[in-house]
Structures are given as structure tokens and as C-alpha cells.
Amino acid sequence: MKKTTLSLLLAAAALFSACGTAPDTAPLATPTPDPAAAAEPTPEPQNGEFYALDRLNAAFNSGDAYYEFAPKLGYCLLLKTDYATAAQTVCCEIPGCTHDTEDCPAYFPGKHYYVPFVAQGQLYVLNASLFREDGDMAWEDFYAQRVAPQLENPSETFDGMSGQEIEKYYYGLWQQQKTAMRLYTVNPAGENTYQDLPKESREAVFDYCDGTSLYGMVTSGAQGQNKEIIRVSLADGSMETLTLESTEEWKGVYDGALLTMRYVTDAPLPDDWEQYMAAIQNTTVEYDRYDPRTGERRKLAERPYYEKNMFDNDFAGTHNGKLYFSRWETNPQDGTEQNLFVQYDPADGSKVTIWDKAPADNLQLPYNYTNDLPPCEHRTERWLWLSGSSGWSQDVFALLDTETFAITPVTQKIQNDPEGWDVYRLAQTSDGLWLIVTEENDNGSPSAYALIAPEALAAGSTDWTPVTMWQG
């Protein structure tokens, strides 16, 4: 994850935050399970079931390796950080390959608008660029409209670059945009194969995989309240459409299937925007486990509508079979903003209020995927990763112990970071170690990784295992 991307996520997460004091380390409430409630144990997810794709960072954690793209001029290279060897390499095993032509299986033209992932042991890359407005142009037309103006008067982006370098950058971008929605089967020892997906799949945003199919979502309706799932087979690229409930959309993974959120109403919601917004104020927001392979839908929780975040309501994420909710409310006594952070267990319906005031530095659960660690077998991790900010330029991180609810700030700093950032997590290995960023280069991009147990990180240790980074 690039630091700039992480900054945007943290800024978005803090939109509704306000300063507060650090909470006590103990929960504010003790769960009181209803003995009559169904207490069926939640089965552990297994490899090959639903896991998330990381389109934002063009990266993937398989549990035994971390895949990402290294940007180059006019193309990008697929890299692999192997956890067993603590080494980062190019995903290419061809002897003598220079990794700078399309003969290299790790070479992909354009920018890193690709999604790598592993399914049943096979490495794939999805060409999922959302920027295809110039994809139907001939190179000559693309050159005249996009390249020639930059050659005459380069923008700040191309300051100091030669005309040949600018042309190379744009040619790679044009190649990527003109390519169909394409699924590559990566063969590090030889030539990649691919299949072009149906044209209709371009309308979908692909976020999940179940080991045999990709799942994308298409939104329609006056207020975007109509959602459909596009399922594409990895075997032959065949596509089918699944219709969701009205207003239903996915929010994560739960128990080997999708976790969805929807408004529950007595009557259909109106198309008019003002009427729609008025109608949803009184809705119940339901969270379900939905398996699109079987059509089974199981209710997990319901919450009242939260007007400050109509897109996610107050859903903050999942961890170890539990759901987390966070909402900001005005204290009627003094008018200050206070944050309520709740843990909910669908197995028995118990709830725990972890805090009712924002901890120091406005710490909160960041965007769900940072705690979603698919498709590792390791599912007993006790730590939640929290993020916050002590100012506009300095972001901070902390660990929340889900057994004691104690908060431990991360104190280890990234080397060569002028803003004093803490080290931060990229992924988790299948045996429970964390892959963290420990150093950055002059451009502010990560330049060194390490592996460390979360308990050691919480204890302030810097005795981590450095990753041998690819130099290229």
C-alpha cells in the first residue's frame, strides 16, 4: 500500500471524527448472551471460499506470499514477496529475462490498474482498468489528443522527461485501455495465457473471488438502489447475472460467503432523491450472510439508520466472526461529538461497547479490507488494526486487543519518513506473522518490508525479519 493511498483512506475514515480522551482498557459493558438464542458455532472459512480482491492497491495476499505491481515507464511488473524465504522477486522464472518487454510474464503495459489474485494455487491478473474512455481510439488519434499537447508543453507530471519517455508512458497507457476486460493466467516460467471476458462485464466492479469464479457488482436505479452481481467463471469466462434484494450491496466477507447490507422497508423506496432520503431515515438496516452460489441468506444483525453515513451506515468491519459498528453522536449534555464503537457477535446476539468516546488521536477501525486477511487459514488473530491522526500530516496506528480491549500505540517509525509515520501493516501470513512497511524511498513509496509477530510489534520490538527487496 502506497503511503499516499493510505493517507486518503485515513482522511476518509476521519471525516466524522472529533477529539476525545483515551478509553479505559476494559469494555464498558459485559455481554449477556440470551440462553434461548441460537448459539450454533460459526464454521471457520476454508481456502477456496470467498475472499476480497484489493483493486485499490493492485495487490493480493495469498497467505504464503504478497503480490503487487512495481510501476515502470510505460508498464508495470508483477512482484512476489515470499513469506517463507522473506524475499521479494519478479514473477518471472525465465533465465536471462530483462523484464522490460512483453516476453516477460510479469510485464503488463500501462499503469498498475490490474488486480492480481490466486485461486486454487493458480496466479491470475485481471485487467480491470476503469479508465477506458480512450480505448477505442487508434494510436494516431490518441497521440494527437493526449501525447502531442504534453510534448509541446509538459505538465508537472512529466517535468524533466524527454519526449521519447513521454511517448513511452502514453503508449503503455493506450495499450492497457484498448485491451478488453481480460483475465490473464500467469505462467512465471513461460508465456501467459488469457481470456477476454464478455463485454457486459465492463460495467461491473469486481471485488471478490470464491476460488472458481469472480464476482462483480453493477449498480442501477435512480438512487443506485438496484444492484446485480455478475459472476464470471475462471475456467471458461462464462458470465451469469444474479439479482440482489432492493438496496442490497456487499460490504465484506463472512463465514465463507458475502456480507451484505440493505435497507428493510414496508414499501418500495421512491425514485425522487428528496423523497428517497426522507424515506430511508426510518428504515432498519439489515446485515446478512449471503451465499450467491446457493442463494442462501442468513440475517446476522440489524441496526437503525445512521444519517451521517448512508453508504456504510455504521458498519466498520468484521473480525473473527464478529461484526463491528461505529457511529458518531452528539452528547446531549455538553454538545460534544462522541464515538460509539460496538462489537456484535451473531452467534449469540451479544454486544459489547468497546468505547463511547473517541480514543486519543481519533483512533478507529479503518476501511474493512485492512483487517480482512484472505484467504489465510489463520483466523484466530486477536488484534485489530486501528488508525488515526494527530494532525493533517502525521498518521498514527495502534493495536486493539480483542480479548482485553486494551489499546497499544504503534511506536516503531518508518525509516527515512520526514513526517514521522509509524510502520504499518500490508498483510498477514497464514501462520500469523504480519508483513509491515519499515522504510521508504525519497518519493515516499515503500522501499523495505519486514515480517514480525503482532505481539512483538505491540511490545515495541524492532527485532523483525527484514525482507530482501527486489532491486530494479
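The shown structure was predicted, so the numbers you read here are calculated from the model rather than taken from an experiment.

Side note on the overall build of the protein
For the protein, the count of helices and strands is five helices and 29 strands. Across the 472 residues that make up the protein, the buried fraction comes to 51%. Contacts in the protein between residues at least 24 apart in sequence constitute 54% of all its contacts with a sequence separation of at least 6. Of the roughly 22100 Å² of accessible surface on the protein, 48% is carried by carbon and sulfur atoms.

What to know about the confidence of the model for the protein
Across the protein, the average pLDDT comes to 82, with 83% of residues at or above 70. Segment residues 4-48 is flagged for pLDDT under 50; beyond a separation of four residues in sequence, or across chains, it makes 80 contacts in the model. Ignoring residues within four places in sequence, the model shows residues 368-378, a span with pLDDT below 50, making 48 contacts including any to other chains.

Digging into unusual backbone geometry
Although it is not a glycine, threonine 247 sits at a positive phi angle of roughly 70°. Given a relative accessible area of 5%, threonine 247 falls into the buried group. Backbone geometry at asparagine 320 places phi at a positive 50°, although glycine is not the residue there. Along the chain, the position of asparagine 320 falls in the loop between strand S19 (315-319) and strand S20 (322-330). The exposure class assigned to asparagine 320 is partly exposed, which follows from its relative accessible area of 35%.

A word on the pairing of strand S4 (residues 75-82)
Counted residue by residue, S4 has six buried out of eight residues, so it is predominantly covered. Bridge count for S4 against strand S6 (residues 107-109) is three bridges, and the pairing is antiparallel. Within S6, the position partnered with cysteine 76 by the bridge is phenylalanine 108. Summarising the sheet, S4 and strand S5 (residues 87-90) pair through four bridges and their orientation is antiparallel.

Things to note about the sheet that holds strand S14 (residues 239-243)
Taken in spatial order, the five strands of this open sheet run S1-S11-S12-S13-S14, and their pairing is antiparallel. With partners counted over all chains shown, the strands left at the sheet margins are strand S1 (51-52) and S14, one partner each.

Some words on the packing of aromatic side chains
Across all of its chains, the model carries 31 aromatic pairs by this definition. Ring centres of tryptophan 139 and tryptophan 174 lie 5.5 Å apart, and the angle between their planes is 55°; on these two criteria the pair is classed as tilted. Of this pair, tryptophan 139 sits in helix H2 (residues 139-152) while tryptophan 174 sits in helix H3 (residues 163-178), placing them 35 residues apart in sequence. Tryptophan 174 shares its class with tryptophan 139; the two are buried. Among the aromatic residues, ring-to-ring pairing joins Trp139, Phe142, Tyr143, Phe158, Tyr169, Tyr170, Tyr171 and Trp174 into one connected group. Positioned over the ring face of tryptophan 434 is arginine 425, at 4.6 Å from the centre of the ring.

What to know about the pattern of salt bridges
One pass over the full model with this rule turns up 21 salt bridges. Salt-bridge contacts for lysine 251 lead to glutamate 249; the nearest nitrogen and oxygen are separated by 3.4 Å. A salt bridge links arginine 262 to glutamate 286, with the shortest nitrogen-to-oxygen separation between them at 3.0 Å. Here arginine 262, found in strand S16 (residues 257-264), pairs with glutamate 286, found in strand S17 (residues 284-291); they are 24 residues apart in sequence, far enough to count as distant. Across this residue pair, the class does not change: arginine 262 and glutamate 286 are buried. Salt bridges here are not isolated pairs; linked through shared partners, they connect Glu245, Glu248, Arg262, Glu286, Asp288 and Arg297.

Points about the environment of asparagine 57
Structurally, asparagine 57 can be placed in the loop between S1 and strand S2 (60-61). Here asparagine 57 falls in the buried class, since its relative accessible area comes to 11%. Note: C-alpha distance between asparagine 57 and glutamate 68 (11 residues apart in sequence) is 7.8 Å.

Concerning the environment of asparagine 441
Looking at the element boundaries, asparagine 441 is found in the loop between strand S27 (434-440) and strand S28 (446-452). Considered as a pair, asparagine 441 and glutamine 415 are 26 residues apart in the sequence and their alpha carbons are 8.9 Å apart.

Focus: the nonpolar core
Counting residues in each nonpolar core, the largest one holds 44 residues, and the members touching the most others are Leu78, Phe108, Phe117, Leu126 and Leu214. In this structure leucine 78 touches Tyr67, Glu68, Phe69, Thr89, Val90, Cys91, Ala106, Phe108, Pro116, Leu123, Val125 and Val186, once residues within four positions along its chain are discounted. Formed by 28 residues, the second largest nonpolar core is a distinct cluster that contains Val423, Leu435, Tyr449 and Leu451.

A look at the sheet that holds strand S21 (residues 337-345)
Taken together, four strands build an open sheet; the order of strands is S19-S20-S21-S22 and the sheet is antiparallel. Each edge of the open sheet is held by one strand with a lone partner, namely S19 and strand S22 (350-355). Mean inter-strand twist for the sheet, computed between neighbouring axes without regard to direction, equals 25°. Taken together, the five bridges between S21 and S22 define a ladder with antiparallel strand orientation. The residue of S22 that forms the bridge with valine 342 is threonine 353.

Some points on H3
Its 16 residues give H3 an end-to-end C-alpha distance of 22 Å, which sits within 8% of 22 Å, the value for a rise of 1.5 Å per residue. Ile166, Tyr169, Tyr170, Gly172, Leu173, Trp174, Gln175, Gln176 and Gln177 are the residues of H3 that are buried. For H3, the secondary structure elements touched by its buried residues are S6, strand S7 (114-119), strand S8 (122-127) and H2.

Calculation notes
Residues numbered from 1 in each chain as written. Predicted model: local features only at pLDDT ≥ 70, side-chain atom pairs only at ≥ 80, totals over all residues. Heavy atoms only, no water. Helix = DSSP H or I, 4+ residues; strand = E, 2+ residues; numbered from the N terminus. Buried < 20%, exposed > 50% of the residue type's maximum accessible area, 1.4 Å probe, protein only. Contact = heavy atoms within 4.5 Å. Areas by Shrake-Rupley, 256 points an atom, 1.4 Å probe, with all protein chains shown as cover. pLDDT = per-residue confidence, 0-100. Pairing = 2+ DSSP bridges. Phe/Tyr/Trp six-rings, centres within 6.5 Å; stacked < 30°, edge-to-face > 60°. Lys NZ or Arg CZ within 6 Å of the ring centre and 35° of its normal. Salt bridge = Lys/Arg side-chain N within 4 Å of Asp/Glu carboxyl O. Core = buried A, V, L, I, M, F, W, Y, C linked by side-chain atoms within 4.5 Å. Axes fitted to C-alpha atoms, helices over the stretch in contact; angles between N-to-C directions. Expected span 1.5 Å × (residues − 1).

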